[in-house]
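Structure assessment
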Amino acid sequence: MKKVALADASACPYCREPLPYKTRGNLDLEPGTLLQDRYVIGRLLGRGGFGATYIAFDNASQERCAVKEYFPNQMVTRSPDSADVTLLKPRDFEFYKQRFFAEANQLRNLSHVEGLVRLYDVFTANQTAYFVMEYLPGTNLKAYLRQHQDGLPHRNAIDILTQLLNILSSVHSSGVLHRDISLDNILLMDDGRVKLIDFGSARNAVQSGMTTFVKGVYTAPEQAQGMTQDKYTDLYAVGVVMFELFMGRTPKVQDGNLEPMCSDEKSPLYQVNRVYMKATRTQPAQRYQLAQDMLSAVQAIEPIDNKTLRKTRQKKQKGGSWRRAKAPKKKARADVNTYKGRAKRRHVNTGISRVRKKKERSTASNKLLAAILVLLSVLFLALFILIVLS
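Residues numbered from 1 in each chain as written. Predicted model: local features only at pLDDT ≥ 70, side-chain atom pairs only at ≥ 80, totals over all residues. Heavy atoms only, no water.

Strands sit in the order S1-S2-S3-S4-S8-S7 across an open sheet of 6 strands; the sheet is antiparallel. Looking along the sheet, the strands with just one partner apiece sit at the ends: strand S1 (34-35) and strand S7 (119-125). Across the sheet, helix H1 (residues 90-109) lies against strand S4 (63-70), S7 and strand S8 (128-134), angled at about 20° from S8, the strand it touches most. (Pairing = 2+ DSSP bridges. Helix = DSSP H or I, 4+ residues; strand = E, 2+ residues; numbered from the N terminus. Contact = heavy atoms within 4.5 Å. Axes fitted to C-alpha atoms, helices over the stretch in contact; angles between N-to-C directions.)

Listed below in structure tokens is the structure:
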């Protein structure tokens, strides 16, 4: 295993990445490993089910690059003192290695498409395969949205979708389906440009009997079932990405369909939702058939200011409707559930009781006085009769 000694410094003298690197045990190539007497391996950028990608330095061009190593999980392993891989499942390893080379060929055939990573080199070494690509400084949309969990501003989301659909239009025009569009395969570079990566699942367009490939909600029904796929299959996944850009999360599945952004025509997101819902229809014939058709619909969406968009998202999270609730009518008396209301009610009730008792006492006094008058009248009448009779 050829190695290049890295200087004892705070940054790598080749790729300018901070030191020390963090490795992942025996699986990763050791920093400083030299491939083809040309490429100096740096830190690990990411690892998937079938490969690992490293930042590297090309001694020939004196530029940074990215090196992707074919390293399928559970099919190979690596000892700590060697860069060579040890095959655990040779037959499976060889089968999927052809797909690894097919991805490199797809990139080579699509080198004219703006918005894709450029391929520089393909070779075998260490009992496995590699290809070298341009290094793209930036982050994927999955990581980017973690920093914007409430979704992106309208202008940013539309700009990303516009670039992505333009890239897809060129890819489709070349007779290729990507079949793996998702947040982690869309790079947002530091200068704002969008790049589409990972063509490991790409196939020729309008091809029946394609292999089943499932990646959560991004997967169109016909792709999950291995049926005939076309441009509308990729556009289904773009619709899911559209939901994530505006809402800041992955759409939920409800009764076999993806949830809507809104259900109210008065919602500011209604136009966005209409495009998203058409792109993700269950029946392929009901979706956009061309990337340019969906692009025209996206660009026709009226702008939404950030404040309105934020309020609409909050209503969606709470499950409420966009319709504004009517202001409650003012009550004629104090609310009985408040402290002041209860006190006022007690005060009113006390006053009523006092008046009632006063009336009762007055009535009793009047009755007593009337009885006395009646009694006196009877006495005077009796006295008068006695005088007359005597």
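Turning our eyes to something else, we now look at the pairing of S8. Burial of S8 is extensive: 7 of the 7 residues sit out of reach of the surface. In this sheet, S8 lies alongside S4 in antiparallel orientation, the contact comprising 5 bridges. Considered in S8, the bridge of Ala 66 is made with Met 133. Once S7 ends, the chain turns through 2 residues before running back antiparallel as S8, passing Asn 126 with a positive phi of about 55°. (Buried < 20%, exposed > 50% of the residue type's maximum accessible area, 1.4 Å probe, protein only.)

Low pLDDT means the predicted atomic positions in that stretch should not be read closely. Looking at the chain, pLDDT values average 85 and 82% of them are 70 or higher. Of all secondary-structure elements in the chain, the lowest mean pLDDT belongs to helix H9 (residues 339-389), at 73, while helix H7 (residues 291-299) reaches the highest, 97. Contacts of residues 321-328 to residues separated by more than four positions or lying in other chains number 11 contacts, the stretch itself having pLDDT below 50. (pLDDT = per-residue confidence, 0-100.)

Grouped burial of nonpolar side chains is what soluble globular proteins tend to show. Judged by nonpolar contacts, the single largest core of 74 residues is most densely connected at Leu 196, Met 242, Leu 245, Phe 246, Met 261, Leu 269 and Met 294. Take this core: its biggest share by element is 11 residues, from helix H5 (residues 231-247). Once you skip the residues sitting within four places of it in the chain, Phe 246 turns out to touch Asp 150, Gly 151, His 154, Ala 157, Ile 158, Leu 161, Met 261, Leu 269, Val 272, Leu 309 and Arg 313. Listed in part, the 15 residues of the second largest apolar core include Tyr 39, Leu 44, Ala 83 and Phe 123. (Core = buried A, V, L, I, M, F, W, Y, C linked by side-chain atoms within 4.5 Å.)

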